[in-house]
Structures are given as C-alpha cells and as structure tokens.
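Structural description and commentary
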Amino acid sequence: MIPKKLEIQGLYSYQEKQVVDFEQLTAAGLFGIFGAVGSGKSSILEAILLALYGSTERLSVSGERSSMMNLQSNLLLVNFEFKAGKSNNQTFLARYSAKRNKKNWEKIETGEHTLYEKVDGEWQALERNAEQIIGMKKEHFKQTVIIPQGKFREFIDLKPRDQADMMKELFGLQRFDLSQQTGTLIGAVKEEVIRLSTKLETLESVSKSALGEKRERKSQAQQTLKQQNEAFEAKQERLRTQEKIREKRLEWDRVKEELNNLMLRQAEMDAKKSHHSRYLTAKNKLKPTWDRLKALAIEIEKNQVSVKKCKDWVEDYKSEIEILEKEVDQLKKRNLERPIRESKIRDLKQVLDIKSLEQKLTQSRLKVDEIAPSIEQQKKSQKKLQSKIKELEQTQTASNLPNASTLANWKSWIREASQNQDQLEKLSQENQSLEATRKQLADEITELSNCLPDGIQNLTAWEKQEQNLLESREKQYQVLKDQLGIAAYVQHLHDGSPCPLCGSEEHPHPASEKDGFAALSEIENQIQESKNLIAQIRADQKTNDQVNFQLEQITKEKQNKTNSLQETKKEQVRISNEITRAGFENLEQLKHEIEIKENEVNTQEKRAQAILELRSQLEDSQASVEKLEIAFQSTRKEFDQIQSAIETKRNEIWDIEFTKDFFSQELSSIHETIEAVQKSILSTEQKLDGAVKHLHDRKLMQSQNATSLKMYEEALQRDQEERNNLLVKFESEKASHGFTDDGELKVLFEESLDEEKVAQEIRRYEDRLNVLKNKVDELSQDQALGDFQEDKFNELKTEILAEAEQLEASKSELTLLIQEIKTLEVDLQQKTELLQQLEKATHRQSNLKELDVLFRGGGFVKFVSSIYLRELCNTANIRFMKLTKNQLSLDIDDNNTFWVVDYLNGGKRRLLKTLSGGQTFQASLCLALALAEKIKALNQADQSFFFMDEGFGALDKSSLGVVFDTLKSLQFENRIVGIISHVEDLQQEIGVYAKVELDPENGSQISYSFA
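Residues numbered from 1 in each chain as written. Predicted model: local features only at pLDDT ≥ 70, side-chain atom pairs only at ≥ 80, totals over all residues. Heavy atoms only, no water.

Once that is clear, we can look at the overall build of the protein. Of the regular secondary structure elements, the protein holds 25 helices and 15 strands. Burial analysis of the protein (1011 residues in total) assigns 34% to the buried set. Sequence-distant contacts in the protein: of pairs separated by 6 or more residues, those separated by 24 or more amount to 76%. With an accessible surface of roughly 62,500 Å², the protein has 49% of that area assigned to carbon and sulfur atoms. (Helix = DSSP H or I, 4+ residues; strand = E, 2+ residues; numbered from the N terminus. Buried < 20%, exposed > 50% of the residue type's maximum accessible area, 1.4 Å probe, protein only. Contact = heavy atoms within 4.5 Å. Areas by Shrake-Rupley, 256 points an atom, 1.4 Å probe, with all protein chains shown as cover.)

Between helix 9 (residues 208-264) and helix 21 (residues 790-855), the least distance of the axes is 8 Å, while the angle of their chain directions is 155°. By the criterion of interaxial angle, the relationship of helix 9 to helix 21 is roughly antiparallel. Regarding helix 9 and helix 21, the two cross each other, and that crossing is left-handed. Looking at the contact of helix 9 with helix 21 residue by residue, the class counts come to 18 nonpolar, 7 polar and 16 charged. (Axes fitted to C-alpha atoms, helices over the stretch in contact; angles between N-to-C directions. Parallel < 35°, antiparallel > 145°, perpendicular 65-115°, else oblique. Left-handed = near helix turned anticlockwise from the far one by under 90°. Nonpolar A, V, L, I, M, F, W, Y, C, P; charged D, E, K, R; others polar.)

Here we take up the nonpolar core. Ranked by size, the top nonpolar core spans 71 residues in total, and within it Leu6, Phe22, Leu52, Phe80, Phe82 and Phe141 carry the most contacts. Not counting residues within four places of it along the chain, the set of residues in contact with Leu52 comprises Phe80, Phe82, Ala94, His113, Leu115, Ala130, Ile134 and Phe141. One finds Leu967, Ile979, Leu986 and Ile990 within the second-largest nonpolar core, a separate group that totals 17 residues. (Core = buried A, V, L, I, M, F, W, Y, C linked by side-chain atoms within 4.5 Å.)

Sites flagged by UniProt as "coiled-coil region" (unreviewed entry) map to residues 307-334, 375-483, 520-638 and 755-851. Taken as a whole, residues 307-334 contains 100% helix and 0% strand, while its terminal C-alpha atoms sit 42 Å from one another. (UniProt positions renumbered as here; feature names shortened; annotations may be inferred.)

Where strand 6 (residues 112-119) meets strand 7 (residues 122-125), 4 bridges bridge the pair, whose relative direction is antiparallel. Bridge pairing in strand 7 places Tyr116 opposite Ala125. Counting the residues between successive antiparallel strands, the hairpin from strand 6 to strand 7 contains 2 residues, one of them, Asp120, with a positive phi of roughly 55°. (Pairing = 2+ DSSP bridges.)

Before going further, it helps to examine the packing of aromatic side chains. Applying the stated criterion across every chain yields a total of 5 aromatic pairs. Judged by centre distance (5.3 Å) and plane angle (20°), the rings of Phe80 and Phe82 are stacked. One aromatic cluster in this structure is built from Phe80, Phe82 and Phe92. Sitting over the ring of Trp899, Arg909 keeps its end group 4.9 Å from the ring centre. (Phe/Tyr/Trp six-rings, centres within 6.5 Å; stacked < 30°, edge-to-face > 60°. Lys NZ or Arg CZ within 6 Å of the ring centre and 35° of its normal.)

On to the environment of Met136. Relative to the helices and strands, Met136 resides in the loop between helix 4 (130-134) and helix 5 (138-144). Sequence separation between Met136 and Ile935 is 799 residues; the distance between their C-alpha atoms is 9.9 Å.

Let us look at the packing of helix 10 (residues 266-335) against helix 17 (residues 667-736). Running from N to C, helix 10 and helix 17 point in directions that differ by 160°, and their axes come no closer than 5 Å. By the angle class used here, helix 10 and helix 17 are roughly antiparallel. Crossing hand, helix 10 versus helix 17: left-handed. Grouping the constituent residues of the contact of helix 10 with helix 17 by class yields 26 nonpolar, 12 polar and 20 charged.

In this section: the sheet that holds strand 11 (residues 908-911). Hydrogen bonds between backbone atoms are what pair the strands of a sheet, whose relative direction is either parallel or antiparallel. Pairing is antiparallel in the open sheet, where 3 strands are placed in the order 9-10-11. Edge strands, defined here as strands with exactly one partner in the open sheet, are strand 9 (888-892) and strand 11. Averaged over all adjacent pairs, the angle separating strand axes in this sheet is 40°, with direction ignored. Bridge count for strand 9 against strand 10 (residues 898-902) is 5 bridges, and the pairing is antiparallel. Residue pairing in the sheet places Ile892 in a bridge with Phe898 of strand 10.

Positive charge collects at one region of the surface, where Lys190, Lys475, Lys531 and Lys849 lie side by side. Structurally, the position occupied by Lys475 is in helix 13 (residues 459-487). Look at Lys475 and you get exposed, because its relative accessible area is 61%. (Patch = residues over 30% accessible without salt bridge, like charges linked within 9 Å, V, L, I, M, F, W, Y side chains within 5 Å. Salt bridge = Lys/Arg side-chain N within 4 Å of Asp/Glu carboxyl O. Lys, Arg positive; Asp, Glu negative; His and termini not counted. Charge placed at Lys NZ, Arg CZ, Asp CG, Glu CD.)

Attention shifts here to the pattern of salt bridges. Opposite charge on two side chains lets them pair, provided their charged atoms get close. All chains considered together, the criterion is met by 24 salt bridges. Among the ionic pairs, Glu803 bridges to Lys235, the shortest N-O distance being 2.6 Å. Taken as a pair, Glu803 in helix 21 and Lys235 in helix 9 lie far apart in primary sequence, 568 residues in all. A residue is classified by how much of its surface remains accessible, and Glu803, at 22% relative accessible area, is partly exposed. Judged by relative accessible area, which is 23%, Lys235 ranks as partly exposed.

What follows covers unusual backbone geometry. Even without being a glycine, Tyr12 presents a positive backbone phi close to 50°. Inspection of the secondary structure puts Tyr12 in the loop between strand 1 (2-9) and strand 2 (18-21). If you check the backbone angles, Asp120 has positive phi at about 55° while not being a glycine. By the secondary structure assignment, Asp120 is in the loop between strand 6 and strand 7.

Attention now goes to the pairing of strand 5 (residues 90-99). Taken across its 10 residues, strand 5 has 7 buried, putting it largely inside the fold. Relative to strand 5, strand 4 (residues 75-84) runs antiparallel, the two sharing 10 bridges. Looking at the pairing, Phe80 lines up with Ala94 of strand 5. Linking strand 4 back to strand 5 in an antiparallel pair, the connection comprises 5 residues, with Gly85 at a positive phi of about 90°. With 6 bridges connecting them, strand 5 and strand 6 associate as antiparallel partners. Each bridged residue has a counterpart across the sheet, and for Phe92 the counterpart in strand 6 is Glu117.

A few words on the sheet that holds strand 5. On the basis of which strands lie adjacent, the open sheet formed by 6 strands has the order 2-1-4-5-6-7 and antiparallel pairing. With partners counted over all chains shown, the strands left at the sheet margins are strand 2 and strand 7, one partner each. Taken pair by pair, the neighbouring strands of this sheet meet at an average axis angle of 20°, ignoring direction. Running at roughly 80° to strand 4, helix 2 (residues 42-53) makes contact with strand 1, strand 2, strand 4, strand 5 and strand 6 of the sheet.

Mapped onto the secondary structure, Thr568 falls in helix 14 (residues 513-581). What makes Thr568 buried here is its relative accessible area of 10%. Residue contacts for Thr568: discarding those within four places in its chain leaves Asn420, Gln423, Leu424 and Leu427.

Attention shifts here to the environment of Arg240. Looking at where Arg240 falls in the secondary structure, it is placed in helix 9. Judged by relative accessible area, which is 37%, Arg240 ranks as partly exposed. In terms of polar contacts, Arg240 uses its side chain to reach the side chain of Glu237, at 2.7 Å. (Polar contact = N/O pair within 3.5 Å; in protein donor to acceptor, adjacent residues only side chain to side chain.)

Quick look at helix 17 now. Taking 1.5 Å per residue as the helical rise, helix 17 with its 70 residues ought to reach 104 Å, and the 101 Å between its terminal C-alpha atoms agrees with that figure. Just past helix 17, the residue Gly738 takes up positive phi, approximately 80°. (Expected span 1.5 Å × (residues − 1).)

Take a look at the structure:
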C-alpha cells in the first residue's frame, strides 16, 4: 500500500479542510511529519485508519463520534487516496463522512464508509472492504504498516500463540492446516476398501476354467450354424429366380389389360384431334381480324357522340362570352373613380388622429394637476423622517455595548460544561455495562473449565487424551474385523483335516462368528462416542478461544473508557477554573450575567434595526420624489408635443368642407364610414379581376372546343375507311379456310380451350398406345412366363420360412454364448483390477493414518509459523545487531518466545523484557521492518510503505543517529518511510517534511518544506 493524498476535515483538531500531499512526500523516500505536542500530528494516522477501516485507534466510532468530531465543525470528512494490489498498480479511494444532527447539536449521525477504485479515469464503488484490498486486518495493519502512538512494541508483547496466529493470517498459513482434508481422505479410503472387498465377493465364481468351457461350446455352435446357413442360401437363390419370373407374368397381364382399355378410346381421341385443329385455325387466322372490327365499331360510335357534343357547345360559348364582355366594361368605368374615394379616406383618418390627440391632451393636463401636490407632500414627510433618525442615533451612541468575544467565550464554557457532564454520565453507564459483560464472559470461561475431567488441566490435553483412546479403539476394531474374517472358515474345519490358514490338524478353540459380530458392534459404538466427544471438545475449545478474545477486547475497551472518563473530569475542572478566573462564583451566576448582556445586545440591535428601517423609508421617499419630478417634466413636454401634432394634422386635410361635419361625430361612426368606402373599393377591384379571368377562361375553352371538333371528325372518317377494308379481308380469309357458317366461327371464338393441354393429352395417348403394343410383343416371346405355377411358388416360400426360423434360433443360441464369454472375460479382468486396487487402497490407508497423526491439532501449521517467525527474527537481526554495535541479537526458542543474546556476557540469553526503553524501541523497529519486508515480497510490490509515530524521544543522540542512518538506508531498498515526531534533531536531518501547527481560530494547519 502506497498513500497518494489524504484530505481531513472536522476530525479532532482539524476544523478546516487540510490536504496531506503524500505523492510529493513519498517521492523523497524518507519524510517526516513534525509539530508540537497536541498539534494534530497523530491525527493523520487516525484519519487513515478511519478512512480504511471505519474506526480510529483512540475512540470508538459507534459511541464516541461526538468526541471525534471537531467542536466547531458540522461535518467530519476523510478522503484517503492510495495505491494497492499486485505491484501497487491499482488506485483506490477510501472515504468516511459523518454529520451533526440538525436538531440535536450534540448528536452525530451514523457515518458513511465507502471504498472506490479508479477504472478508466472514473471512481467506481466497491463491495470489497479494506481488509480484502490490502490483505490485512486493522490490528495487523497497525503492527506492520502504520504504527500509532503506544503500539510500536505490541508485536513483541504478543503471546507466542498470538504471534503464530498473526503469521498464519498475514501469510495465509492456514493452507498448511490439512487435518480436516486428511480425515476426509481417510474416510473416503476406508469406504473404498469396503467397496472393493464387497465387489470381489460377488466375483468369487469367476475363473479361467469356466471361460475355457464356454469357448469350446462356442466353436461347436459355429460349425453347426455354418452348415445350416449354406443349405438356406441355396433355397433362397431358387426363390429369388421364381420371384423375378412371377413379377414378369404379373406385368404381362397388366399391360394387356391396359392396351385393351386404350383401344376402346380410339374414336373419342380422333374426334378431339379434329376439333382441336379447327379451333387453332379459327383462333390464329380469323380471330385477330374479327376482334379489330369489333374495336373499330366501338371507336366509331364514340367519335360520333363527341362530334355532336362539340357542335352543341359552339353556340353556348358564343352567347356567354358576349354577356361577360358587357360586365367587364361596366366594372372598369367604376374603378376609374378610386383615387377620389381614397383621398377622402385619408382626410377621414386625419380627423380620427386629431380627435385621438385631443383626448390625450386632456389626460396630460389632468396628470400635471395631480403630480404637483404629491411632490409637496413627500418633501414634508422627508423632514419628519430625518428628525426621527437623528434622535435615535444620539441614543444609540450614548449606550455601552457588551464585548462580543467575551460573550462568545462564556457561552462556549457553558456548552462544554454541559457536554462534559453528559459525557461523564454516558461513560459511567458504558463502564458499568462493560463490567457486567466482562463478568459474564469470565463466568463462561469458569463454566467451561468445570466441565474438564479430573486430572485434566485444559481442553487441549483432554482432546489429546481422547484422540489416543480413539486410535486404540480403531486398532482394536481392525483386529476384531480380521478375526471375524477368519471365523468364516470355521465351518470348513474337521478333526484330522489341516486348517486352510495355519495347516494345523487340531482345532481346540475355533472362533465364534456370533461373538465376533457382537464385539465388533460394541467397539463401533465406542469409536462413534469418542468421535462425538472429540468434536464437542473442539467446539468447546473454539468457544473458549472466542470468549478469551472477547474478554481481552472488553478489558481494553474498559480501560479506554476509564481513561476517557478521567480526561473528561480534567476538562470539567479546567472549565470551572476558567469561570472562576473570569470573576464568577459558579455556573449559574455566569448564565445570569449572559442573560443580562444578551438582553442589552437585543435592545441595541432592535434600535439599530429601527434606524435602518427609517433610513430605508427616507431613501424610498427621496427616490419617489425624484421619480415624480421626472414624471412632471415629462408630462409637460408631452402636453406641448400633442398641441403641435394637432395643428400639423389640421393643415394636412385636403377637403376641409367634406370633413367639417365629421369632427362632431363619434370615432366609431367615422371608422364605419372609412371601412364601408374601403370595402366598396376592394369589392369593385375583386369583381373586375374575377370577370376578366372568367372571360379569358371561356374564350380559351371556346378555342379548345373548336380544335376538338375538328380532331373527332377526322378520327371518325379514318375509322370508317379502315372498317370497310377489314370487312372485305375477313370474308376472303373465311372462304379460304373452309368456314361457311358464321355461327360456328362465333362459337369457336367464344370457346375457352386449353390448347396446350389438349395437344399433350393427344400426344400422351398415342405414345402410350405404341409403348404397350411393343411391350406385349416383347413379353409374349418369353417361354418361362407360360410355365410359371403359383402353387409351387408358395410351397417353396413356406419351406424357406421354416428353415429361416431354425437358422435364427441357432444364431440366438450362438449370440447368447458369445455374450456370456464376453461377460466372463470382463468380470475376470475386473477381478484382476479390483485386487490391484484393493492392494493400493490398503497401502494408501496406512499412509494417511500416519499423516493424520502429523496434522492433528494444527501441529503442522504451528511448525510452519515457527519457521516464519525464525526467518523474521533472522531478518530483523541484520539491523538490530548493527544498531546495538554487535552487542545484542534476537533469538526465538521452540515455544516461539523471543530472547535476547547478550554477547557482552558470553552470548548468554535473557528475556526480551530486560531490554531498556531505547533498546526495546530498536528491537521493535527491526522486527517491524522485517515484517514489512516479508509482506512486500508476498504482495510482489516494487515499493513498500512504513509509517511510525513512536519512540524517538527515548533514544540518546548516538542511538538516534544510528536509527536515523538505518531509516535513510531503507531508501536504497525501494522503501518509503514516514516519521511522526516532535524531536527537533530529526527535523533538522530530514529535508522533506510536512509541519502541523495548531491555530486557535482555524484548528490544525498543514504546511510543507517544499512549498
């Protein structure tokens, strides 16, 4: 995981939004975050944990959000952008936000925790959590990547078992826990052995001698079948020859019958052939001329009707055109009077304009008379307002305002005191609840311990004891099963006869099969009871581990609550001291003084508001007077302009005598007169245009009618001449083709005959008749057809059917015998394979039992965890020995306990707890770096990130220099190291850093060395 950017707002001392630019910080390889104690340095790590895992190190997100959010902020927001995944090639954004309740300031709404991934430049929400993305739980993340205050030596202080569990989770060592898989395989192999044994029992009768006997019988059956088949084939050949002769005889009879039927239709076909010939002649030679004569008759009739109509229309058009010409002349004379009528319309419009202007002149005079008094009244009101404003301003200047900053501090003390009191009550209740839960978990642990048998110290020992008992019973079960197999041979024992197993001729105590089954059933029940008990012990062990973990977590949380309670009490004392220094005896006196001050402030604010309202009224009045004066001037100007316009309009009238009477009329009456004259002018013009157009259309139609008359007369003459010529031609063709009767021709013309179909029918008849005649002649020459006898043919078929049934029975017998041989061969092969499989399964069962002993109780996982811890110790020693100048090194024993090898005292070992504070920091640093290195290799990342907020103040200058050189050397190992500290020596050594300063007004502020 490599950080890119962190945005913090509203968390602890971060009141305003601050940005930590990790991209520029991490580019240096080694960077620092420096600031005074309490400036907000460690809150940066808290913000990263909150964004990734939804909780911080110091406070609980569920119950302590109000203390987590800055008191001057209404929003808590953390955005953390980072790289992760294989080779750190994926970009993610972790976001946490929470808001204050609008109605209850002290209540913080449930926070929103979301993670995003950048895909093609856009953020997409994820369902995965940070543990899945980074590959670490929050506890391991704090021990290997980001180490907050007070957590640096936590890995060293872990119990050996917890250290092994941490290795197991970080490096996925649970893949080496194969006990369950081994148990499953043992059960499967056991079932396989039973299955193979059962199958072999069913194949006991299968042998090579039985297979040989079946093969001999098969050879004899094949010889007999061959002889029967040869005799049957000879008779089959005779039958096939007779069937061919029979088919030809049947065909001969059928052909003769069909030929007789065709000869009976000879006369009918001759008549049809003659009719078809005359139909074709009439259709192809005479019908085209006949059809043309009919079409010409229709055309002649149409042209005669058209000529008559055109002659009738000549007189109609002539009379209508004369009437239209007279109407056009009258309309043209009336249209010549239009200019005089239009000039009178213009004069009337001038009259309308003058009357309208006179009305406006009257309105303008009234408006001038109305504005002048309003201006005078507004000026008097302004003088009264100015007097009131002056009086209020003098009173406002004389009053003494309270200090706003002091009043805000007093209110803040009251609010903080109330919040602290609520927090004290809440923490007390939560402590009581945690204590009750702790007692309940302790009782559960005691109850589980009371279930242990006498002499057993813990559940692990009890499980081991029961596992040994189970193995003993399983061995006893196998012995009984072998004895039961031997009991099956008891019935074959006879005095004086050797035993098939041992060869002895004496059998004093033969095994009892009945007793063996009873003992086997009893031991099976005992094995099942042991397995059930072991499963219950493992479940209790898991429950015990969970309860212990919960008890440990509750104890830590209770301690945190106690610390918070003490801090809140201290804060309450601080606020009380502030109130006393301000000159107040108690909180109630302060509240009373605030109430008095607030009343004074409210009175003064009301007075200021009244002044503002009066000034606003004065300004509105001044603006109103200004607008009235402008309106007065504008109205006077408008009055003069209207008078000038009326005089101009009177001078533009052309016929004064005509318009004199209209000045006394109403405007509507003048409008009606103008509209009537305009309509008359427009109507005359429209009628003239319509009459001219109508006259033009009628003349055009008269010309078209004359042209059509000439065209129809010429067409009529052409059609009559063509009809006469065709009549002469039709009579000549009719005589040449032998047609004398027009009725016969008409019938042929109207008949709908499918000539192609009839022609094909005639051709098919003649062709089939010739074919049948030739076929009869051909078959008559075959002598065998005359000698064929149907009864002898049927006798031969009956004989062949009987022999076929006998042959089929022989084949079925041979097939059955061959199938039995194949079955025997398969069973014999299967028996051989089953014996081989049984041998392999038995051998595998033995090997799996040995593996089960190895993997039982997670022993192999513990062994692998020990190897990882030892490698971690060796890697850490490379730096630890350098830091201690080869005086000390780390070692780990078989129980995964860390020791210190002291080379100044002959290389003797002593507990890690004996190290000084500075040496413990060095050891913790080396182990943390080694663990981070292993995780970097596991994630196949080209870079790794390590951030710590711990321990530099416990080192002397010499050790501090060695540690700093070690951290700087990590840059060459492609590592990124971040340090949080207030030690000034480190700030002087690290060139790239962010500085955190606490501003009393704006909260924590971040600046950079490179800005």
